[in-house]
Amino acid sequence: MIEAMPLTRLSEEEQLWKEKVRTFSEEKIRPLVSKMDQEAKIAPELLEELFSAGLMGIEIPKVYGGMSGNIFHSILAIEEISRVDPGVAVYVDVQSALIVNAIMNWGNGDQKRRYLPRLAKTTVGAYALSEKNAGSDAFALSTIAEKEGKDFVLNGSKHFTSSAAEAGLFLVFAKTVHEGKSGITAFLVERSSPGVRVGDKVDKMGIRANSTCELVLENVRVRREDILGKPGDGERLAIDTLNVGRIGIAAQMVGLAQGALEAALAYAQKRKQFGQRIAVYQGVQFPLARMATKVEAARLLVYNATRLMIHGATPLESYRTPAMAKVFASEVAEQVSSQAVEIFGGNGFIKEYPVEKFYRDAKIGQIYEGTSNIQFRTIASTLLKGTQGGDLSVNDGSLQMNP
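Residues numbered from 1 in each chain as written. Predicted model: local features only at pLDDT ≥ 70, side-chain atom pairs only at ≥ 80, totals over all residues. Heavy atoms only, no water.

In the annotation of an unreviewed UniProt entry, the protein chain is listed under the name short-chain 2-methylacyl-CoA dehydrogenase and assigned to Kroppenstedtia pulmonis. Regarding the protein chain, the relevant UniProt record gives this comment under Subunit (unreviewed entry): "Homotetramer." Word for word, the UniProt comment on the protein chain under Catalytic activity (unreviewed entry) is "2-methylbutanoyl-CoA + oxidized [electron-transfer flavoprotein] + H(+) = (2E)-2-methylbut-2-enoyl-CoA + reduced [electron-transfer flavoprotein]". (UniProt positions renumbered as here; feature names shortened; annotations may be inferred.)

*Asks:* Describe the overall build of the protein chain, naming the residues involved and giving the relevant values.
*Replies:* Helix and strand counts for the protein chain come out as 11 helices and 12 strands. Taking 22 Å as the expected radius of gyration for a compact globule of 403 residues, we find that the protein chain reaches 21 Å, a close match to that expectation. With the C-alpha coordinates aligned to their principal axes, the bounding extent of the protein chain is approximately 80 × 50 × 45 Å. For the protein chain, the residues scored as buried account for 54% of the 403 residues in total. Taking the contacts inside the protein chain whose residues are at least 6 apart along the sequence as the reference set, 71% of them involve residues at least 24 apart. Accessible surface, the protein chain as shown: approximately 17,800 Å² in total, 52% of it carbon and sulfur. Each charge class in the protein chain can be summarised by its mean position, and for the 48 positive and 47 negative side chains these summaries are 1 Å apart. (Helix = DSSP H or I, 4+ residues; strand = E, 2+ residues; numbered from the N terminus. Rg over C-alpha atoms; globule rule 2.2 N^0.38 Å. Buried < 20%, exposed > 50% of the residue type's maximum accessible area, 1.4 Å probe, protein only. Contact = heavy atoms within 4.5 Å. Areas by Shrake-Rupley, 256 points an atom, 1.4 Å probe, with all protein chains shown as cover. Lys, Arg positive; Asp, Glu negative; His and termini not counted. Charge placed at Lys NZ, Arg CZ, Asp CG, Glu CD.)

*Asks:* Before we move on, can you summarise the packing of aromatic side chains with the specific residues and values?
*Replies:* Enumeration according to the criterion identifies 6 aromatic pairs in this entry. Between Y267 and Y353, the ring centres sit 6.1 Å apart and the planes meet at 80 degrees, which makes this aromatic pair edge-to-face. Here Y353 lies in the loop between α9 (315-344) and α10 (355-362) and Y267 lies in helix α7 (residues 234-268), a separation of 86 residues in the sequence. Residue Y353 is classed as partly exposed on the basis of its relative accessible area, which comes to 24%. Note on F344 and Y353: the rings are 5.8 Å apart at their centroids and 65 degrees apart in plane angle, and the pair reads as edge-to-face. Judged by relative accessible area, which is 5%, F344 ranks as buried. An aromatic cluster of three or more residues is present, and its members are Y267, F344 and Y353. The ring of F72 has R307 sitting right over it, with the charged end atom 4.1 Å from the ring centre. (Phe/Tyr/Trp six-rings, centres within 6.5 Å; stacked < 30°, edge-to-face > 60°. Lys NZ or Arg CZ within 6 Å of the ring centre and 35° of its normal.)

*Asks:* Requested: an account of the pattern of salt bridges, with residues and values cited.
*Replies:* All told, the structure shown has 25 salt bridges when counted by the stated rule. In this structure, D37 and R208 form a salt bridge, with 3.8 Å as the shortest nitrogen-oxygen distance. Of this pair, D37 sits in helix α2 (residues 33-39) while R208 sits in the loop between β6 (196-201) and β7 (212-223), and the two are 171 residues apart along the sequence. Here the two residues D37 and R208 agree in accessibility, since each one is buried. R360 serves as the salt-bridge partner of D37, at 2.8 Å between the closest nitrogen and oxygen. Remark: R360 occurs in helix α10 and D37 occurs in helix α2; sequence separation between them is 323 residues. (Salt bridge = Lys/Arg side-chain N within 4 Å of Asp/Glu carboxyl O.)

*Asks:* Kindly report on the packing of helix α3 (residues 44-52) against helix α5 (residues 86-106), identifying the contributing residues and their values.
*Replies:* Two numbers describe how α3 lies on α5: the axes approach to 11 Å, and their chain directions differ by 45 degrees. Classified by the interaxial angle, the pair formed by α3 and α5 is oblique. Here α3 runs over α5; the crossing is right-handed. Here α3 contributes L46, L47, L50 and F51 to the contact with α5, which in turn contributes V88, Y91, V92 and Q95. Considered class by class, the residues forming the contact of α3 with α5 number 7 nonpolar, 1 polar and no charged. (Axes fitted to C-alpha atoms, helices over the stretch in contact; angles between N-to-C directions. Parallel < 35°, antiparallel > 145°, perpendicular 65-115°, else oblique. Left-handed = near helix turned anticlockwise from the far one by under 90°. Nonpolar A, V, L, I, M, F, W, Y, C, P; charged D, E, K, R; others polar.)

*Asks:* Residues and numbers for the side chain of D93, please.
*Replies:* Among the secondary structure elements, D93 is positioned in helix α5. One buried charge, D93, has no salt-bridge partner; the nearest side chain with opposite charge is K326, at 9.7 Å. The residues touching D93, leaving out its near neighbours within four places in the chain, are I78, L98, G245, G248, I249 and E369.

*Asks:* Tell me about the side chain of R307, residues and numbers included.
*Replies:* Within the secondary structure, R307 sits in helix α8 (residues 282-311). Those residues in contact with R307 that lie beyond four places of it in its chain are L7, R9, L10, E14 and F72.

*Asks:* Requested: an account of the packing of α5 against helix α6 (residues 109-121), with residues and values cited.
*Replies:* The geometry of α5 relative to α6 is characterised by a closest axis approach of 10 Å and an angle of 160 degrees between their N-to-C directions. One element, α5, and the other, α6, form an angle in the roughly antiparallel class. When the axes of α5 and α6 are compared, the crossing they make is left-handed. Counting all contacts with α5, which are made through Q95, I99, V100, I103, M104 and W106, the residues of α6 involved are Q111, K112, Y115, L116 and L119. Its residues assigned to classes, the contact of α5 with α6 comprises 8 nonpolar, 2 polar and 1 charged.

*Asks:* Before we move on, could you go through the UniProt feature "domain: Acyl-CoA dehydrogenase/oxidase N-terminal" (unreviewed entry) in the protein chain and cite the residues and values that matter?
*Replies:* The feature "domain: Acyl-CoA dehydrogenase/oxidase N-terminal" (unreviewed entry), as given by UniProt, occupies residues 11-121 in the numbering adopted here. Regarding residues 11-121, the helix share stands at 72% and the strand share at 0%, and the terminal C-alpha atoms are separated by 27 Å.

*Asks:* Tell me what's going on with α9, and back it up with residues and numbers.
*Replies:* For α9, spanning 30 residues, the distance from its first C-alpha to its last is 44 Å, which sits close to the expected 44 Å at 1.5 Å a residue. One or two residues past the end of α9 sits G345, with phi positive at roughly 65 degrees. (Expected span 1.5 Å × (residues − 1).)

*Asks:* So what's going on with the confidence of the model for the protein chain? Residues and values would help.
*Replies:* A residue-level look at the protein chain finds 94% of positions with pLDDT of 70 or above and a mean pLDDT of 93. Segment residues 388-403: pLDDT under 50, and 51 contacts once partners within four positions in sequence are set aside and those in other chains are kept. (pLDDT = per-residue confidence, 0-100.)

*Asks:* Quick one: what's the story with the nonpolar core, residue by residue and with numbers?
*Replies:* As a rule of thumb, soluble globular proteins bury nonpolar side chains together. Counting 87 residues, the largest nonpolar core has L55 and L154 as its most contacted members. Counting residues per element, this core draws most heavily on α7, at 14 residues. Ignoring any residue separated from it by four or fewer positions in sequence, one finds L55 in contact with W17, V21, F24, L50, A77, I81, V92 and S96. Core analysis: the next-biggest nonpolar cluster, separate from the first, contains 34 residues, Y64, L141, A186 and Y319 among them. (Core = buried A, V, L, I, M, F, W, Y, C linked by side-chain atoms within 4.5 Å.)

Structure below.
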């Protein structure tokens, strides 16, 4: 009988990887955090460093220039980077969980040979699904792709596209009509394609190191060979990738909460009031204990969801556990970062100290890649399947019951 390892006990190889990413984050990212937050952009040299360190090609096979890691390696990297700057972690998350994951699972051999080596070494990928009128109702798309000969012509715009300013490749979702049936199709679109335009960056409250832009598509011609999967597969492709992406967001929130907790612990043991370090007071000790407990609980959910994906989650688990991890970890990130601000007192409210930024960065966790209400809807649907005898189907980025 093989004894099961505790969820947070890492193998020697996993521990070495985690330590490598932590060292990278401390040495390469931390000195740039304040500057990137103020300027609302990633330092170009840091983006190059992310590629050089293999962090943009974690799950890409070595034959294509990647590291041949798995989703758990990506989750560990996202968590460690987020402990320093959650905005930088978005680049790694989108690249691994959404773009590479989609091409690895839905791409053909030619697409893998053409795109994976670039994504491993030089090319940032961006996931273009959301539109101004298609947020939680993710598939109420107005972007259309009309067939012209062997090609498709795309027209429309995408809203809130993460990493868009630096991206060289976009995974674009559009409405299509194929064999008389309408549906959603996923297209691999080069930034250099005529008619592709990336708009100005959105001025955001948090995760400011990562760019968020509008993507405009005006008569963009895409070859049939650049459809990912088959025409009409886009809805299922999006759901499959977003299930993995939600674990990435959950890992980002755990890393953020860990960073805020560590900052609060260090400050409490340094700051003196009434002649003593504030860490000696129960009013500080108990909140710290509560924060640490919540972070550990969130980490357990994230690691469990990740290991289930690796070792074979059931269909219900593949929907439920990422949703649970994301909704809980995002709540923990907001609560822990808020409490960290309180422990810092007035200093926590100014930009000179790190917890103010963690607090701003935390809020997005409950919004992007499916709001908390969408996660609750997904969780409830999986719970009710067995009791109501319904079938689960994909709808607007979540699950709903079909009685």
